[in-house]
Every structure is written in structure tokens, then in C-alpha cells.
Amino acid sequence: MQAEQTSHAAAWLSPELAGDKSWIYSLDVGASIDMAAAVRSAAQSGKQLLDYRKEDFNFASAAPVIEQAFQQAKHGRGLAILRNLPRGSLSEREFELMTWGIGLHQGVARPQGKASQYISPVRDVGVDYRSAKGRGYSSNAELDYHTDRADVIVLSCYNKAESGGKSMVVSTAAAFKRFAERHPGLLEYMYRPIHFSRQGEMRSGEGPTFVHPVVTEVEGQRFVRWNRNRVMTAQEIPGVPRIEADFWHALDTFDAILHEPDIEFSMYLQPGDMQILNGNATLHARTNYMDGDDPLQKRLMFRLWLSTPDSGPVPESWAGVYGAVEAGAVRGGILGDHYDGNCRAFDQRQAQLFGMTYDAKLYG
Ligand SMILES: [Fe+2]
């Protein structure tokens, strides 16, 4: 299936989404118990993350519900919530492993940063999001609307914050449609290439930025990627062309639309919820949050980035972000400094399992 990001179902306004529960999936008690048993059994083997196979996680009666939720996120609304994961009966480590196991059934997980980690704990460790090397997932800051570097973004909630940490999602198709209707005079700016900072996470041979426009159209289909913070930090890098005031005005106008009440959909993820996003159809953001004093209660999510076998092609202009751009390719992620033979073997094995293309040239 191609270009799910422009399908009608993914072009929602937030009241429409609020009135439709078809994208919210709940495991019943039996399915939740089946999941917990599968995860505990997998945990007993004590394997390293990359050594697990999907067969190690027999989710039994939960499997069809999980599958439906992913289909909805990829080919329907662009997002899905899966509820009643067995939060209460799993340790932090087991809950992380559960998230990993779900990913093994869906595609090829991608590394996510300098440490080449394949799953990231999303928690406040005091990082400054606005700094040159800041990453939002390690801070408690309010995050600008952005797209991660993956076709599918999975976030499972172990703890919520004491206050704040609201999760926001926007349909890029709906937001850009509004922008185009209201501001035809600003449209041209959205098609101009912009530098986005890699936040210091480049590999040898890569420059400090990648460049693409906010909007790229391919054969009449519209693709949107945006990340204000990375544009701002790129502006501090020597040699990156300055963005003039009129250009910023267009970008500010787009950002303002993302926050309009009928464009922005807000939710609080609860412990035991999993949010699944189509990274090519949505933008997401988060409000700032405050943790309480108990270290065991601090806000904690586990994030997974996935390439999936049924992905559509993305524009050539995204090659700097995704590496490969063709349908069904292993792409995206941030390879980092520790992408080694184990990582390669994992990626290739998963790619083969799902009949996906793994371009070894991109992963040397
Ligand atoms: Fe994100």
C-alpha cells in the first residue's frame, strides 16, 4: 500500500478523532495475561536484546489485537493506542522487553542515537533540549512538533509524570491542507530546502545537518517533515544559510496551525498504554512535565523506531534522513557510534524475515 499519509482516514481533525474510538485498542484480561506470560518466559532466557527472535514472544490471544493496532497506525488514522498492556505484573526491564518483543513481530527496529541503542528509555535525565546536542527524549522540556526518523514510532508507557507530559499528535495532511487554503502566499516557502541539525549525532562522512523542504510532493502525493528545534540549532552551525525573516514567518505560521484546537489532538498516556504513530503521516509534540520525588515513579516510556515491510516510498529529498527511500526498505534511525556486526546481523536477519530490502552500502 502506497502513501498512506495522504489517505482520507489519516487526514483527520481532532474533534473527528475524539469522536471515533476505532483507533483505540484494549487487550482483555486474558490477552494481557497471555502477554505477561510470554514476556516472562522470554526474560528467563536472559538473552541480549539483539539476540531475541520473534518466536521468543508468543503473545497468543493478544497477537491479533496488536496487529490491528499497527495496521490502523500504518494504513488508517496514522495513530493507534493499545491499552491494558500488562504493566502491573511486569518489572521495568520486562516491560521494556515486551516493547521489544512487539517490535520483533512488526519489522526491523532501528538504532536511535549516538549509543546506537535500539530502544530508548524516554525519561528526564536533565538534558537541555534546546542545546546543540540536546535530544527531547532525555529531557522534561516541552517539545516542538516534530517527526522522528522512522516510519513507525512506538512509545510504551511505564510511568506517567506527576504533572504534565501531555502527548499531542497532528495529522500532517490536515494541517498542511489548512495552511495551503489560508496562506497561499506563503506556500512557496514550504517547498524550499532547510537545514536540520543532526544534533551532533553524525557518522563519519555525514555533515552536521540534513537538508529537505518541509513539504515534498511526489506524483501528486504530499510528504511533510518538520522539526523546529533542529532548524533552530542548525542556524548556529557555521556555513548553514540563514533563514530570513519572511521564511521564518511562513514557518511560524505553519507551527501556529499545528497548535490550533481542531488540528491538535491531545492525550495523556497512562501506564500500560502504547502509542503507535505513522511517522510519515503525523507530527507529535509533548508538554513539559514534572516528576515527583520517588525515583521509581518517574515518568518513563520506552521508544522503538521501526521499518516495516508494507511501507510506501518516501521522497528522494528524505534520503539524508532515511538513507533508503524505496518502499519496504530498512531505513531511518540514527546509526550512532556503535553500529557494529551484531547490529548488522540483527538488521539483516529481520529484513530477510520480512522480505525487506537492506542496502548494505548504507550500513558499512
Ligand atoms: Fe519524537
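Residues numbered from 1 in each chain as written. Predicted model: local features only at pLDDT ≥ 70, side-chain atom pairs only at ≥ 80, totals over all residues.

Quick word on the overall build of the chain
- In terms of regular secondary structure, the chain is built from 10 helices and 17 strands.
- Its C-alpha atoms give the chain a radius of gyration of 20 Å, within 12% of the compact-globule value 21 Å for 364 residues.
- On the principal axes, the C-alpha backbone points of the chain span a range of 60 × 45 × 45 Å.
- Split into buried and exposed, the 364 residues of the chain put 45% on the buried side.
- Long-range pairs, those at least 24 residues apart, make up 80% of the contacts in the chain between residues at least 6 apart in sequence. (Helix = DSSP H or I, 4+ residues; strand = E, 2+ residues; numbered from the N terminus. Rg over C-alpha atoms; globule rule 2.2 N^0.38 Å. Buried ≥ 20, exposed ≤ 12 C-beta atoms within 10 Å, placed from the backbone. Contact = placed C-beta atoms within 7 Å.)

Observations concerning unusual backbone geometry
- Here A60, not a glycine, exhibits a phi torsion of approximately 50 degrees, which is positive.
- With respect to the helices and strands, the residue A60 is situated in the loop between α2 (29-44) and α3 (63-75).
- For N84, which is not a glycine, the phi torsion comes out positive at approximately 70 degrees.
- Residue N84 is classed as buried on the basis of its 20 C-beta neighbours within 10 Å.

What to know about the sheet that holds strand β13 (residues 264-267)
- As summarised here, the arrangement of the four strands in space is β5-β15-β8-β13, forming an open sheet in which the pairing is antiparallel. With partners counted over all chains shown, the strands left at the sheet margins are β5 (143-146) and β13, one partner each. Direction aside, neighbouring strands of the sheet carry axes that sit 20 degrees apart on average.
- Examined bridge by bridge, strand β8 (residues 167-171) and β13 share four bridges and lie antiparallel to one another. Bridge pairing in β13 links S167 to M267. (Pairing = 2+ DSSP bridges. Axes fitted to C-alpha atoms, helices over the stretch in contact; angles between N-to-C directions.)

With respect to the confidence of the model for the chain
- For the chain, mean pLDDT is 94; residues scoring 70 or higher make up 98% of the total.
- A low-confidence stretch, residues 1-6 (pLDDT under 50), is modelled with 24 contacts involving residues beyond four sequence positions or located in other chains. (pLDDT = per-residue confidence, 0-100.)

Looking at helix α10 (residues 341-353)
- For α10, which comprises 13 residues, the first-to-last C-alpha distance of 18 Å matches the rise-based estimate of 18 Å (1.5 Å per residue) to within 8%.
- What α10 keeps buried is the set F346, D347, Q350 and A351. Mapping the buried residues of α10 onto a view down its axis gives an arc of 125 degrees, with all of them on the same face. Residues of α10 that are exposed and angled more than 90 degrees away from the buried face: G341, A345 and Q352.
- The inward-facing, buried residues of α10 abut β3 (108-109). (Expected span 1.5 Å × (residues − 1). Arc of directions from axis to C-beta.)

Points about helix α5 (residues 172-182)
- Within α5 the residues assigned to the buried category are T172, A173, A174, A175, F176 and F179.
- Tucked into the core, α5 has its buried residues touching β8, β11 (215-218), β12 (221-224), α8 (245-258) and β15 (282-286).

Some details on the packing of α2 against helix α4 (residues 92-104)
- Two elements in contact, α2 and α4, have axes whose closest approach is 9 Å; the angle formed by their N-to-C orientations is 100 degrees. In terms of axis orientation, α2 runs roughly perpendicular to α4. Side by side, α2 and α4 meet where M35, V39, R40, A42 and A43 of the first sit next to E94, L97, M98 and G101 of the second.
- Residues belonging to the contact of α2 with α4 are distributed by class as follows: six nonpolar, one polar and two charged. (Parallel < 35°, antiparallel > 145°, perpendicular 65-115°, else oblique. Nonpolar A, V, L, I, M, F, W, Y, C, P; charged D, E, K, R; others polar.)

Thoughts on the pairing of strand β14 (residues 274-278)
- Counted residue by residue, β14 has five buried out of five residues, so it is predominantly covered.
- Burial along β14 is two-sided: M274, I276 and N278 and Q275 and L277, pointing in opposite directions, are all buried.
- Bridge count for strand β2 (residues 79-83) against β14 is four bridges, and the pairing is antiparallel. The residue bridging L82 from the neighbouring strand is M274, located in β14.

Some details on the packing of α5 against α8
- Taken N-terminus to C-terminus, the directions of α5 and α8 make an angle of 130 degrees; their axes are 10 Å apart at the nearest point. Compared by their axis directions, α5 and α8 come out oblique. In terms of crossing hand, the pair formed by α5 and α8 is right-handed. Residues A175, R178 and F179 of α5 form the contact with α8, whose participating residues are F254, I257 and L258.
- Tallied by class, the residues present in the contact of α5 with α8 amount to five nonpolar, no polar and one charged. (Left-handed = near helix turned anticlockwise from the far one by under 90°.)

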